[in-house]
Amino acid sequence: MNKVNKGDLIGKILSLLFLLCTLTEVRAQVIPSLDSSTFRNVIYAELGGRFLLGGGVQYERALALTKSCSLLLGVGVGSSSRLDRAFANWPIIVPISGALSLGRRRGRWEVGFSRLLVKKAFYEDPNDEIYGILPMAGYLGYRQLPSPTRRLFFKIDLLVYPSAFYPLPFLGGGVGYAF
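This section reports on the structure supplied with the text.

Criteria and cut-off values
Residues numbered from 1 in each chain as written. Predicted model: local features only at pLDDT ≥ 70, side-chain atom pairs only at ≥ 80, totals over all residues. Heavy atoms only, no water. Salt bridge = Lys/Arg side-chain N within 4 Å of Asp/Glu carboxyl O. Helix = DSSP H or I, 4+ residues; strand = E, 2+ residues; numbered from the N terminus. Buried < 20%, exposed > 50% of the residue type's maximum accessible area, 1.4 Å probe, protein only. Core = buried A, V, L, I, M, F, W, Y, C linked by side-chain atoms within 4.5 Å. Phe/Tyr/Trp six-rings, centres within 6.5 Å; stacked < 30°, edge-to-face > 60°. Lys NZ or Arg CZ within 6 Å of the ring centre and 35° of its normal.

**Focus on the pattern of salt bridges**
Opposite charge on two side chains allows them to pair when their charged atoms are near.
Logical step 1: Per the counting criterion, the structure on display carries 9 salt bridges.
Logical step 2: The partner of Arg-50 in a salt bridge is Glu-60, and the shortest N-O contact between them spans 3.6 Å. Remark: Glu-60 occurs in strand 2 (residues 55-64) and Arg-50 occurs in the loop between strand 1 (41-48) and strand 2; sequence separation between them is 10 residues. For the pair shown, Arg-50 and Glu-60 are each scored as buried.
Logical step 3: Glu-60 is paired through a salt bridge with Arg-143; the nearest N and O atoms lie 2.4 Å apart.

This is the structure we're talking about:
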């Protein structure tokens, strides 16, 4: 079996996300909208959650599948620390996420996954400049979509990693702008 280079894998994932976003734009008239107050793009600041014990900025794109279900694709950048390092080290992290948003009202539940690209200093030698990928985490969240007159967006989520990596769930929250 061939070994896959991490750089090639990251490139393929980013290419697939770009392709999905491009195809969505081409088919925009065919995909049903959620309702007249739905905005497709959201940018928000988040503490905890996907950023573990830190914070950052996240961008998400909503792709409407039906009136009550949409696919959310997101990427962000931030910084985080580890419990065992007493907040001494804050490397850059990049969360990549995907989720299904379910519901017909402005308040929607979401279930999805998140994967973090991190500097190896996060889990190895702080002087190491190589990046790595943390195990995939699952999450359950709730988001309040903006009204037609206000573009304020907020969400909360609970992220759970495999028990061998991080035995504790991470609660997070975000506030941002929808457009």
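**Notes on the nonpolar core**
Logical step 1: With 14 residues, the main nonpolar core has Leu-52, Leu-116, Leu-159 and Tyr-161 as its most contacted residues.
Logical step 2: Looking at this core, the elements with two or more residues in it are strand 4 (92-102), strand 5 (107-119) and strand 7 (137-144).
Logical step 3: Phe-39, Val-42, Tyr-44 and Phe-153 belong to the second largest nonpolar core, which has 5 residues in total.

**Details of the packing of aromatic side chains**
To describe a pair of aromatic rings, you give the distance between the ring centres and the angle between the ring planes.
Logical step 1: For the coordinates displayed, the defined rule picks out 3 aromatic pairs.
Logical step 2: Centroid distance Tyr-177 to Phe-179: 6.1 Å. Interplanar angle 20 degrees. Geometry classified as stacked.
Logical step 3: Overall, Phe-179 belongs to the partly exposed group, its relative accessible area being 38%.
Logical step 4: Over the face of the ring belonging to Tyr-139 we find Arg-50, whose NZ or CZ atom lies 4.3 Å from the ring centre.

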